[in-house]
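Examining the three-dimensional arrangement
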Amino acid sequence: SQTIHQWPATLVQPVGSPLSLECTVEGTSNPNLYWYRQAAGRGLQLLFYSVGIGQISSEVPQNLSASRPQDRQFILSSKKLLLSDSGFYLCAWRIAGVPYEQYFGPGTRLTVT
Amino acid sequence: QKEVEQDPGPLSVPEGAIVSLNCTYSNSAFQYFMWYRQYSRKGPELLMYTYSSGNKEDGRFTAQVDKSSKYISLFIRDSQPSDSATYLCAMSRDDKIIFGKGTRLHILP
């Protein structure tokens with residue numbers, strides 16, 4: 001069966017510090033991968049998605065970036081965190097060609113102080 | 001105009017009541033229409049999906065899509081305290097799923 005891992009579960013970082021969140025998927029090949037941020041009052045915001053290794057599409061510019069170094073690994077990064085980066089970050093995967101179901105990871109709650 | 005609009009609530013109803021949750025959308029390119037349920041501090045999980053206009057029923061849940069009005073609904077019959085959660089409508093186009101803000105639902109015992 002498929003499993004998605006995300007870590008860390010919680011993170012408290014000062015403004016200006018770097019960020020690296022990692023997501024890995026097990027039990028499937030060539031999944032579509034997604035990073036979302038959920039902040040109070042703003043819903044589930046799509047940040048990045050990837051349909052293959054090295055292929056990243058950005059929905060939100062600013063100070064975040066994403067990379068997919070391996071088929072089932074998706075990394076969200078920032079060089080300098082802002083207060084507005086606080087939120088609940090969710091990684092998700094989807095079988096390519098199945099447009100209605102995404103499977104979400106447990107999420108990382110990030111607080112920037 | 002946002003692609004998907006959803007009233008965030010919160011919505012509080014007594015146990016046993018019928019719940020109606022709604023979303024509107026602006027993009028005619030959306031192909032699949034979904035409802036996800038999210039419990040506190042967890043990721044969302046798919047509840048139901050539909051492709052065409054009309055109704056789809058699954059137990060106590062009914063999803064309704066009206067493409068002509070760009071309007072979708074989720075009805076919950078005989079609501080239970082365990083139905084208390086955030087319900088997000090979602091719609092797919094291309095390789096993406098676009099979510100509404102979610103409606104927080106409280107079922108009062």
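What you see is a predicted model, and the numbers here were worked out from it, not measured in a lab.

Analysis parameters
Residues numbered from 1 in each chain as written. Chains lettered and ligands numbered in written order. Predicted model: local features only at pLDDT ≥ 70, side-chain atom pairs only at ≥ 80, totals over all residues. Heavy atoms only, no water. Buried < 20%, exposed > 50% of the residue type's maximum accessible area, 1.4 Å probe, protein only. Helix = DSSP H or I, 4+ residues; strand = E, 2+ residues; numbered from the N terminus. Pairing = 2+ DSSP bridges. Contact = heavy atoms within 4.5 Å. Disulfide = S-S within 2.5 Å. Axes fitted to C-alpha atoms, helices over the stretch in contact; angles between N-to-C directions. Salt bridge = Lys/Arg side-chain N within 4 Å of Asp/Glu carboxyl O. Polar contact = N/O pair within 3.5 Å; in protein donor to acceptor, adjacent residues only side chain to side chain.

Residue and element names in this part refer to chain B. By the alternation rule, side chains of strand 11 (residues 103-108) split into Thr 103, Leu 105 and Ile 107, which are all buried, and Arg 104, His 106 and Leu 108, of which none is buried. Pairing between strand 2 (residues 11-14) and strand 11: four bridges, direction parallel. What sits directly across from Leu 11, in strand 11, is Leu 105.

Moving on, we come to the side chain of Arg 68 of chain A. Following the sequence through the fold, Arg 68 of chain A ends up in strand 7 (residues 64-70). Once residues lying within four places of it in the same chain are set aside, the contact partners of Arg 68 of chain A are Asn 30, Pro 31, Leu 33, Ser 50, Val 51, Gly 52, Ile 53, Gly 54, Ile 56, Gln 73 and Phe 74 of chain A.

In this section: the pairing of strand 9 (residues 85-93) of chain B. Residues and elements named next belong to chain B. Across the nine residues of strand 9, nine count as buried, placing the element largely inside the fold. Residues Ala 85, Tyr 87, Cys 89, Met 91 and Arg 93 point to one face of strand 9 and Thr 86, Leu 88, Ala 90 and Ser 92 to the other, with burial holding for every one of them. Both strand 4 (residues 32-38) and strand 9 contribute to a ladder of seven bridges, which runs antiparallel. Bridge pairing in strand 9 places Phe 33 opposite Met 91. For strand 9 and strand 11, the ladder comprises three bridges, and the chain directions are antiparallel. When the sheet's bridge partners are listed, Thr 86 is paired in strand 11 with Arg 104.

All names here are of chain B. Applying the stated criterion across every chain, the model contains two disulfides over all chains. In this model, Cys 23 is linked to Cys 89 through a disulfide, with the two sulfur atoms separated by 2.0 Å. Handedness here is read from the sign of the S-S torsion; for Cys 23 and Cys 89, about -100°, the answer is left-handed. Highlighted residues: Cys 23 in strand 3 (residues 19-25) and Cys 89 in strand 9, separated in sequence by 66 residues.

A few words on the sheet that holds strand 7 (residues 61-66) of chain B. Residues and elements named next belong to chain B. Strand order in the open sheet formed by five strands is 1-3-8-7-6, and the pairing between neighbours is antiparallel. Each end of this open sheet is capped by a strand with a single partner; those strands are strand 1 (4-6) and strand 6 (54-58). Strand-to-strand twist of the sheet, defined as the mean angle between neighbouring strand axes without regard to direction, takes the value 20°. Where strand 6 and strand 7 come together, five bridges link them in antiparallel fashion. By the bridge assignment, Gly 54 is partnered in strand 7 with Val 65.

Side chains bearing opposite charge may pair, as long as their charged atoms lie close to each other. Counted by the stated rule, this structure contains seven salt bridges over all chains. The shortest N-O distance in the salt bridge between Asp 71 of chain A and Arg 68 of chain A comes to 3.2 Å. Salt bridges here are not isolated pairs; linked through shared partners, they connect Glu 3, Arg 93 and Asp 94 of chain B.

All names here are of chain A. Residue position: Arg 37 is located in strand 4 (residues 32-39). On the accessibility criterion, Arg 37 (6% relative accessible area) is buried. Only 3.1 Å separates the side chain of Arg 37 from the side chain of Tyr 89, close enough to count as a polar contact. Ignoring anything within four residues of it in the chain, the contact list for Arg 37 reads Gly 43, Leu 44, Gln 45, Leu 47, Leu 64, Ser 84, Asp 85, Ser 86, Phe 88 and Tyr 89.

For the peptide bond that leads from Trp 7 of chain A to Pro 8 of chain A, omega is 0°, which places it in the cis range. Within the secondary structure, Pro 8 of chain A sits in the loop between strand 1 (3-7) and strand 2 (10-13). One non-glycine residue, Arg 41 of chain B, lies in the positive phi region at around 65°. Tracing the chain through its elements places Arg 41 of chain B in the loop between strand 4 and strand 5 (45-50). Using a relative accessible area of 60% as the deciding quantity, one classes Arg 41 of chain B as exposed.

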